[in-house]
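Residue-level structure breakdown
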Number of protein chains: 2
Amino acid sequence: MAKDYSLNEVQVSMSPGERFEEYLQSRGMRQTQQRRALLELVFSRHEHFDADTLIEQLPAHGESNHVSRPTVYRTLNEFVDAGLLRRFSLAGRSVYEHDYGYPEHDHLYCEKCQRLIEFQSEELTRLRDQVAAENRFRISGHRLIITGRCESCSRTPRRTKRKQDRI
Amino acid sequence: MAKDYSLNEVQVSMSPGERFEEYLQSRGMRQTQQRRALLELVFSRHEHFDADTLIEQLPAHGESNHVSRPTVYRTLNEFVDAGLLRRFSLAGRSVYEHDYGYPEHDHLYCEKCQRLIEFQSEELTRLRDQVAAENRFRISGHRLIITGRCESCSRTPRRTKRKQDRI
DNA sequence: ATCATTGCAAAAGATTTGCAAGGTC
DNA sequence: GACCTTGCAAATCTTTTGCAATGAT
């Protein structure tokens, strides 16, 4: 299910931390405890996450390395700005994933277990470029989400009624 | 820019109104002034819209055929449920478009003028089905959004800094 | 010392919900 | 008349912001 990260890794010269440091310096911004803690947490694993999930995984309010909610949001925006993370909207909220050093890919989204499964397709890139050319459109990116049920959830009876999905 | 609706129209036996009526009856729900007004407005033109835009286009508070905000949201959910409208998330809010009787398509999204341009691609459907098959994934639908700049916005200098997009 | 950053509280934007009054079948 | 719907107000959820205190360079 999870893609083989190393096989398709894009060549990068800096670690996410180094790249972020450069980003901060170039803008007169500062290294802080909070930014370091979040960078570490975010790049400690390769998963999709939203702001709330990230906050849950942070040390609790009061413990060291805790980061307040507004700062989490602020820093996620910085990561996106710095090209470290990519963001997209799913079911009404923002979902984040690694961007820096990670190959372009798209997703299968299981409406039952809510899991995102990655896949890569060069054909899609070609198709995308062709459509854009036909429409004289200057591409900055794309996002394909195929919705449905993953293999294991297909074996299960119909899902129970849940809050309507807003893809 | 706008697709030729009639050329690719899917064969349908009922009008949106008839279909919605059937949906209501089958669930013991009622025809109301508000549902009629919204159905009429929504199917009077083929455009993408969000709840707020729709509300702006409704008769003002006090005039006949006005519909309250909560009822607009409730009814949009019903339209989606009834298969009349399709919904997706763009820049943090829900966008709606005709579904019933309208062919499957995808979008180019101009980050500058925020316009959605439709396109159809059978190749994409094939690609999607193939990816799903490879992952033993049972498809219910998909959504491809190509972001960038439309032709006319490409001729313009860089866009001014705006609230970050959350595709 | 200067100026960016944080946390708090509060605001803001989108959407939903409880409930009493009103409308539809 | 039964019971679904509406509108209002208020709640909820996600994300942002003003501002005084704190921290980084």
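Residues numbered from 1 in each chain as written. Chains lettered and ligands numbered in written order. Predicted model: local features only at pLDDT ≥ 70, side-chain atom pairs only at ≥ 80, totals over all residues. Heavy atoms only, no water.

**Focus: the overall build of chain A**
Let me state the cut-off plainly: A run of DSSP states H or I qualifies as a helix once it reaches four residues; a run of E qualifies as a strand once it reaches two. Both are numbered from the N-terminal end. Only protein chains enter the accessibility calculation, which uses a 1.4 Å probe. A residue is then buried if its area is under 20% of the maximum for its type, exposed if over 50%, and partly exposed in between. Whether two residues are in contact is decided by their heavy atoms: any pair within 4.5 Å suffices. The accessible surface values rely on the Shrake-Rupley method and a 1.4 Å probe; as for residues, cover is taken only from the protein chains in view.
Within chain A, the regular secondary structure consists of six helices and six strands. For chain A, the α and β elements follow one another from N to C terminus as α-α-β-α-α-β-β-β-β-α-β-α. Looking at chain A residue by residue over its 167 residues, the buried ones come to 44%. Relative to all contacts within chain A whose residues are 6 or more apart in sequence, the contacts with residues 24 or more apart total 57%. Counting every atom, chain A has about 9200 Å² of accessible surface; 46% of that belongs to carbon and sulfur.

**Structural notes on helix H3 (residues 33-42) of chain B**
Of all the residues in H3(B), the buried ones are Arg35(B), Ala37(B), Leu38(B), Leu39(B), Leu41(B) and Val42(B). Structurally, H3(B) contributes buried residues whose contacts are with helix H2 (16-26), strand S1 (49-50), helix H4 (51-57), helix H5 (69-81), strand S2 (85-90) and strand S3 (93-98) of chain B.

**Topic: the nonpolar core**
To keep it simple, the criterion reads: We define a nonpolar core as any set of buried Ala, Val, Leu, Ile, Met, Phe, Trp, Tyr and Cys residues linked to one another through side-chain atoms lying within 4.5 Å.
Counting 26 residues, the largest nonpolar core has Phe137(A) and Phe137(B) as its most contacted members. At the level of secondary structure, the elements contributing two or more residues to this core comprise strand S4 (106-110), strand S5 (116-119), helix H5 (122-134) and strand S6 (138-149) of chain A together with strand S4 (106-110), strand S5 (116-119), helix H6 (122-134) and strand S6 (138-149) of chain B.

**Some points on the interface of chain B and chain A**
Threshold: Here's the idea: put two parts together, see how much 1.4 Å probe accessible area each one loses, and the total over both is what we call buried area. Salt bridges, as used here, are contacts in which a Lys or Arg side-chain nitrogen is within 4 Å of a carboxyl oxygen on Asp or Glu. For this analysis, a polar contact is any N or O atom pair within 3.5 Å, provided that within protein one partner can donate a hydrogen and the other can accept it, and provided that sequence-adjacent residues contribute only side-chain to side-chain pairs. Here the nonpolar group is Ala, Val, Leu, Ile, Met, Phe, Trp, Tyr, Cys and Pro; Asp, Glu, Lys and Arg are the charged ones; every other residue, Gly included, is treated as polar. Strands pair, by our definition, only if DSSP identifies at least two bridges between them.
Of the residues lining the interface, 44 residues belong to chain B; the matching set on chain A comes to 44 residues. Regarding the contact of chain B and chain A, the summed buried area is about 3800 Å², with carbon and sulfur atoms giving 54% of it. Taken together, the connections running from chain B to chain A amount to zero salt bridges. Counting across the chain B and chain A interface gives 13 residue pairs in polar contact (both at pLDDT 80 or more). Contributions of two or more residues to the side of chain B that touches chain A are made by H5, S2, S4, S5, H6, S6 and helix H7 (151-154) of chain B. Of all the elements, S6(B) adds the most residues to the side of chain B that touches chain A, at 12 residues. Taken together, the residues that form the side of chain B that touches chain A break down as 16 nonpolar, 14 polar and 14 charged. Where S6(A) meets S6(B), 11 bridges bridge the pair, whose relative direction is antiparallel. Across the sheet, Leu144(A) pairs through a bridge with Leu144(B), a residue of S6(B).

**Remarks on the sheet that holds S6(A)**
Where we set the bar: Lines fitted to the C-alpha atoms define the axes, with helices restricted to the stretch that makes contact. Angles between their N-to-C directions range from 0 to 180 degrees.
Here six strands make up an open sheet; going across it, the order is S5(A)-S4(A)-S6(A)-S6(B)-S4(B)-S5(B) and the pairing mixed. Two strands in the sheet have a free side with no partner beyond their single neighbour: S5 of chain A together with S5 of chain B. Adjacent strand axes in the sheet meet at a mean angle of 25°, parallel and antiparallel pairs treated alike. Sitting on the sheet, H5(A) is in contact with S4 and S6 of chain A together with S4, S5 and S6 of chain B, with an inclination near 125° to S6(A). Along the sheet face, H6(B) touches S4, S5 and S6 of chain A together with S4 and S6 of chain B and points at about 125° away from the line of S6(B).

**A few points about the domain arrangement of chain A**
Residue and element names in this part refer to chain A. For the record, the criterion: Note that the domain bounds reflect an automated or database-derived domain assignment.
According to the domain assignment, chain A consists of domain 1 (14-102) and domain 2 (103-154). Here the C-alpha centroids of domain 1 and domain 2 sit 24 Å apart. Contact residues are listed per partner, giving 10 residues for domain 1 and nine residues for domain 2. Where domain 1 abuts domain 2, roughly 890 Å² becomes buried across the two surfaces, and 61% of that area is made up of carbon and sulfur atoms. Of all residues in domain 1, Phe88, Leu90 and Tyr102 bury the most surface against domain 2, accounting for 55% of the area lost on that side. Inspection of the region where domain 1 meets domain 2 yields one salt bridge.

**Examining the side chain of Arg149(B)**
Residues and elements named next belong to chain B. Worth spelling out the cut-off: Note that His is not counted, nor are the chain ends; the positive residues are Lys and Arg, and the negative ones are Asp and Glu.
Here Arg149 shows up in strand S6. As a buried residue without a salt bridge, Arg149 has its nearest oppositely charged side chain in Glu111, at a separation of 6.3 Å. Side-chain polar atoms of Arg149 contact the backbone oxygen of Cys153, separated by 2.7 Å.

**Remarks on the protein's contact with DNA strand D**
Cut-off, in case you're wondering: Residues are classed as near a molecule or strand on a simple rule: at least one heavy atom within 4 Å of it.
Among the 23 residues in the neighbourhood of DNA strand D, the closest are listed as Arg30(A), Tyr73(A), Met29(B), Gln34(B) and Arg74(B). The sugar-phosphate portion of DNA strand D accounts for 69% of its atoms within 4 Å of the protein, the bases making up the rest. Between DNA strand D and Gln34(B), the relevant distance is 2.7 Å, taken from a sugar or linking oxygen to a side-chain nitrogen or oxygen of the residue. Here Ser68(B) contributes a side-chain N or O atom positioned 2.8 Å from a phosphate oxygen of DNA strand D. Counting residues per element, the ones that place at least two in the surface near DNA strand D are helix H4 (69-81) and strand S3 (93-98) of chain A together with H3 and H5 of chain B. If one sorts the elements of the surface near DNA strand D by residue count, H4(A) sits on top with five residues. A per-class count over the surface near DNA strand D returns five nonpolar, 10 polar and eight charged.

**Thoughts on the packing of helix H2 (residues 33-42) of chain A against H4(A)**
Residues and elements named next belong to chain A. Where we set the bar: Under this scheme an angle from 65 to 115 degrees is roughly perpendicular, one under 35 degrees roughly parallel, and one over 145 degrees roughly antiparallel; angles in between are oblique. Left-handed is the label given to a crossing in which the near helix is rotated counterclockwise from the far helix by less than a right angle, and right-handed is the label when the rotation is clockwise.
Interaxial distance between H2 and H4 falls to 10 Å at its minimum, and their mutual angle equals 65°. When the axis of H2 is compared with that of H4, the two are roughly perpendicular. Classified by chirality, the crossing of H4 by H2 is right-handed. Mapping the contact onto sequence places Gln34, Arg35, Leu38, Leu39 and Val42 in H2 and Thr71, Val72, Thr75, Glu78 and Phe79 in H4. The class makeup of the residues in the contact of H2 with H4 is five nonpolar, three polar and two charged.

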